[in-house]
Amino acid sequence: MSVTLKGRSLLTLKELSSEEIRYLIELSMLVKRERRQGELRQRFAGRTLALIFEKPSTRTRCAFETAFGEEGGHPVFLARDDIQLGTKESVEDTARVLGRMFDCIQFRGFRQTTVEVLAALAGVPVYNGLTDDYHPTQVLADLMTLEERFGSIEGLSLAFCGDGRNNVARTLLVGCPKMGINVTIVSPRELHPDQAALAEARELARASGAEVRVTEDLEFGVRNADAIYTDVWASMGEEAESERRERLLRPYQVNRAAMASTGKPRTVFMHCLPAVKGNEVTGDVIEGPQSVVWDEAENRKHTIKALMLSTLLGPGA
Ligand code: CP
Ligand code: NVA
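As a convention, each chain's residues are numbered from 1 in the sequence order in which they are written. All chains are assigned letters beginning with A, and all ligands numbers beginning with 1, in the order in which they are written. Predicted model: local features are reported for residues with pLDDT of at least 70 only, side-chain atom pairs are reported and counted for 80 or more only, and whole-chain, interface and lining totals are derived from all residues. The side-chain values count all of the structure's non-hydrogen atoms but skip hydrogen atoms and water molecules.

**Focus on the overall build of the protein chain**
Consideration 1: Note on conventions: DSSP H or I runs of at least 4 residues are helices, E runs of at least 2 residues are strands, and numbering of each starts at the N terminus. Secondary structure assignment for the protein chain yields 12 helices and 9 strands.
Consideration 2: If you line up the protein chain on its principal axes, its C-alpha atoms span 55 × 45 × 35 Å.
Consideration 3: Three labels apply to residues, based on accessible area from a 1.4 Å probe with only protein chains included: buried if under 20% of the type maximum, exposed if over 50%, partly exposed otherwise in between. Sorting the 317 residues of the protein chain into buried and exposed places 56% on the buried side.
Consideration 4: The criterion used for residue contact is that any of the two residues' heavy atoms lie within 4.5 Å. Counting contacts in the protein chain only where the partners sit at least 6 residues apart, residues at least 24 apart contribute 75% of the total.
Consideration 5: Areas reported here follow the Shrake-Rupley algorithm with a probe of radius 1.4 Å; residue values treat only the protein chains shown as occluding. Working note: accessible area of the protein chain is about 13200 Å², and carbon and sulfur atoms make up 49% of it.

**A look at the layout of surface pockets**
Gaps between atoms show up when a probe of the same size as a water molecule is rolled over them.
Consideration 1: In this structure, the largest pocket spans a volume of roughly 470 Å³.
Consideration 2: Definitions used throughout: a 1 Å grid over protein atoms alone; a cavity as a set of points that fits a 1.4 Å probe which cannot get out; a pocket as an open set with protein on both sides within 12 Å along at least five of seven lines; a lining residue as one with an atom within 4 Å of a point. If you trace the largest pocket, you find 31 residues lining it, with L130, N167, V232, S235 and M236 closest to the centre.
Consideration 3: Where the lining of the largest pocket is concerned, the elements lending two or more residues are α2 (59-69) and α6 (167-178).
Consideration 4: Considering every element that reaches the lining of the largest pocket, the biggest residue donor is α6, with 3 residues.
Consideration 5: Here the residues of the lining of the largest pocket are counted per class, giving 10 nonpolar, 9 polar and 12 charged.
Consideration 6: Grid points are joined across faces, edges and corners, and a volume is the space filled by probe spheres set on the points. Here the second largest pocket is characterised by a volume of approximately 320 Å³.
Consideration 7: Contributing to the lining of the second largest pocket are 16 residues, with E54, L85, G86, T87 and T114 lying nearest its centre.
Consideration 8: Per-element tally for the lining of the second largest pocket: the top contributor is helix α4 (residues 112-122), with 3 residues.
Consideration 9: By residue class, the composition of the lining of the second largest pocket is 7 nonpolar, 5 polar and 4 charged. As a working rule, the residues Ala, Val, Leu, Ile, Met, Phe, Trp, Tyr, Cys and Pro are called nonpolar, Asp, Glu, Lys and Arg charged, and the rest polar, with Gly in that last group.

**Re the site of ligand 1**
Consideration 1: S57, T58, R59, T60, R108, H135, Q138, C272, L273 and R300 make up every residue found near ligand 1.
Consideration 2: Here R108 contributes a side-chain N or O atom positioned 2.8 Å from an oxygen atom of ligand 1.
Consideration 3: Under this definition, polar contacts are N or O atom pairs within 3.5 Å; protein pairs additionally need one hydrogen-donor-capable and one acceptor-capable atom, and for neighbouring residues in sequence, both atoms have to be side-chain atoms. In this structure, C272 approaches ligand 1 through a main-chain N or O atom, which is 2.8 Å from a nitrogen atom.
Consideration 4: Summarising the interface, the protein chains cover 96% of the accessible area of ligand 1, which totals 260 Å² for the free molecule. Any residue with a heavy atom positioned within 4 Å of a molecule or strand is treated as near that molecule or strand.

**A look at the site of ligand 2**
Consideration 1: By nearness alone, every residue bordering ligand 2 is listed as L130, H135, N166, N167, D231, V232, S235, M236 and L273.
Consideration 2: A distance of 2.8 Å is found between an oxygen atom of ligand 2 and a backbone nitrogen or oxygen belonging to M236.
Consideration 3: A total of 270 Å² of accessible area belongs to ligand 2 in isolation, and the protein chains cover 95% of it.
Consideration 4: The residue makeup of the shell around ligand 2, split by class, is 4 nonpolar, 4 polar and 1 charged.

If you want it as structure tokens, here you go:
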């Protein structure tokens, strides 16, 4: 495959073509096999990664740190209070300084513009590890997990139940139609995706032949779904919304009845984690045999390693 991602950043998932996403999924499978067989190399030896975190994280931080560190790279964790990002020092200046010292930068935080400015000025690959708007490294792991479970992803149907405006839903609206996966957002009207996100998703779907739907009706929305995906009702930074969200989203909980409404025994349950059990998903579903949430979590590491290998080292990494 003639794909080279050397020098590229990952900010939304829109910047990758379907061929490039396919390449990353295949490279992720390869690095997963290597790790399982204990074949670790030193492909990041002598390289450095800056990890900027304005919001907390378990999976994303550990995936970046372990994927980079186990191959000889040196990750440096920079928490919100460690640097002056956007307070006493502009994001522009921080970007130029970090770009002189590091080979690549991960940013997790609030504003999408912050990660965009870092990418525009650092001169090294920048990876969005979650903003208020997008979570592209999550959706790469989700696509890999679907590929592992079903053998091939084109033509599958995924229903996302919950806050249709959040970062994960918005990124699924990029990744699914791009890869030929039908996607349905199931949420109350107040939390339907915005028109711009939907228009972009429909444009991508036209190219791949997939379908994009939005509905308030849970039973209708999940019918025939191969995967039901959910996420927390209030995302990081939206804690003040929690009570209102619980009222709005309680009818959209993924429970045994919702799983049965797909009419397919092989439907998988997906969640980016962390989960609030008893809210967006019941304990029996997340712990049950249809749940693939631990595979998704593990695959964060393999997809992130594949992303760093291809953007730092290029083909033949
Ligand atoms: N799914 C995910 O991004 O998890 P963390 O918030 O723990 O990084
Ligand atoms: N939508 C969630 C995702 C967490 C990985 C949040 O932003 O908190």
